[in-house]
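# Geometric and topological summary
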Amino acid sequence: MENDGINADPLELEKFSQLAHRWWDPNSEFKPLHDINPLRMNYIEELAGLEGKTVLDVGCGGGILSEGMASRGATVTGIDLSEKALKVARLHLLESGHQVEYRKITTESLAKEQPHHFDIVTCMEMLEHVPDPMSIVRSCAKLAKPGGWVFFSTLNRNPKSYLFAIIGAEYILQLLPRGTHEYASFIKPSELARMARNAGLAEERLIGMTYNPFTKVYALEADTDVNYIMACRS
């Protein structure tokens, strides 16, 4: 593995590694990722464009977002620390025919190797799973070209997010496996905005992602109480 110090929780890595073979099953534990992927891609494309862009997907897992962005004309690199997830991602390329470079390397190491290299950096549903999110934010900022875009998505920390993201999603609706999220690791938008500023990024837009349990439809809306995406410029 290419790294010089791992900013990762071994238990988190193992948790997602155990589910790696189910990444591309749209009816598996990863169904929410499949459902929200078009929303995320459209949002990224609307703000930053994808055709012809050099893109880094941090914490790419099995490659759902990475492949999606490649299908829209981007040159994509996906990085993750789960070897099992990366194997699944590489195997799926044989089925899809898309081109993505997948690497097992830390964000911090790649930032030293390829500073200011990418037009777009995405870091989706990852910050709440690492011990030092500020280090990831700082590295993402370093990886982006001057004027480039950096997208973070994570979970807000408040009673409503606990009720919806953990009690609702994991226990009642069973959209996610129990134990997927740790409430104490959720990040308020104000905290992420401060991390971004400290890393030299400028927040451009904040949008929420909601889920209607009756219609089973996800949407991008102004409500950032639970899930949100923060778009920044380098």
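Residues numbered from 1 in each chain as written. Predicted model: local features only at pLDDT ≥ 70, side-chain atom pairs only at ≥ 80, totals over all residues. Heavy atoms only, no water.

## Points about the packing of helix 2 (residues 31-48) against helix 3 (residues 64-71)
- For the pair helix 2 and helix 3, the least separation of the axes is 10 Å and the interaxial angle reads 45°. Here helix 2 is positioned oblique relative to helix 3, judged by the angle of their axes. For the element pair helix 2 and helix 3, the recorded crossing hand is right-handed. The segment helix 2 lies against helix 3, with Leu33, His34, Asn37, Arg40, Met41 and Ile44 engaging Ile64, Leu65, Gly68 and Met69. (Axes fitted to C-alpha atoms, helices over the stretch in contact; angles between N-to-C directions. Helix = DSSP H or I, 4+ residues; strand = E, 2+ residues; numbered from the N terminus. Parallel < 35°, antiparallel > 145°, perpendicular 65-115°, else oblique. Left-handed = near helix turned anticlockwise from the far one by under 90°. Contact = heavy atoms within 4.5 Å.)

## Regarding the pairing of strand 4 (residues 118-124)
- Across the seven residues that make up strand 4, a large majority, seven, are buried.
- Here four bridges tie strand 1 (residues 54-58) to strand 4, and the two strands are oriented parallel to one another. The residue of strand 4 that forms the bridge with Val58 is Cys123.
- In terms of strand pairing, strand 4 meets strand 5 (residues 144-155) through six bridges, oriented parallel. Bridge pairing in strand 5 places Phe118 opposite Ala144. (Buried < 20%, exposed > 50% of the residue type's maximum accessible area, 1.4 Å probe, protein only. Pairing = 2+ DSSP bridges.)

## Here we look at the nonpolar core
- In this structure, Trp23, Met69, Ile120 and Phe151 are the most contacted members of the largest nonpolar core, which totals 36 residues.
- Of all the secondary structure elements, the ones that give two or more residues to this core are helix 2, helix 3, helix 4 (83-96), strand 3 (100-104), strand 4, strand 5, strand 6 (202-212) and strand 8 (227-233).
- With seven residues, the top contributor of residues to this core is helix 2.
- Excluding anything up to four places from it in sequence, Trp23 contacts Phe16, Phe30, Leu33, His34, Gly61, Gly62, Ile64, Ala85 and Val88.
- Of all hydrophobic cores here, the second largest spans 31 residues; its members include Val121, Met134, Ala199 and Met230. (Core = buried A, V, L, I, M, F, W, Y, C linked by side-chain atoms within 4.5 Å.)

## Let's talk about the sheet that holds strand 3
- The mixed open sheet is built from eight strands, whose spatial order is 3-2-1-4-5-8-6-7. In the strand order of this sheet, the two ends are held by strand 3 and strand 7 (217-221), each with one partner. Here the strands of the sheet are splayed against their neighbours by 20° on average, with no regard to which way each runs.
- Here strand 6 runs beside strand 8; their pairing, made up of seven bridges, is antiparallel. Along strand 8, the bridge assignment pairs Arg205 with Ala231.
- Contacting strand 1, strand 2 (75-80), strand 3 and strand 4, helix 3 crosses the sheet at an angle of about 155° to strand 3.
- Those strands touched by helix 6 (residues 133-143) are strand 1, strand 4 and strand 5, and its axis lies near 150° from that of strand 5.

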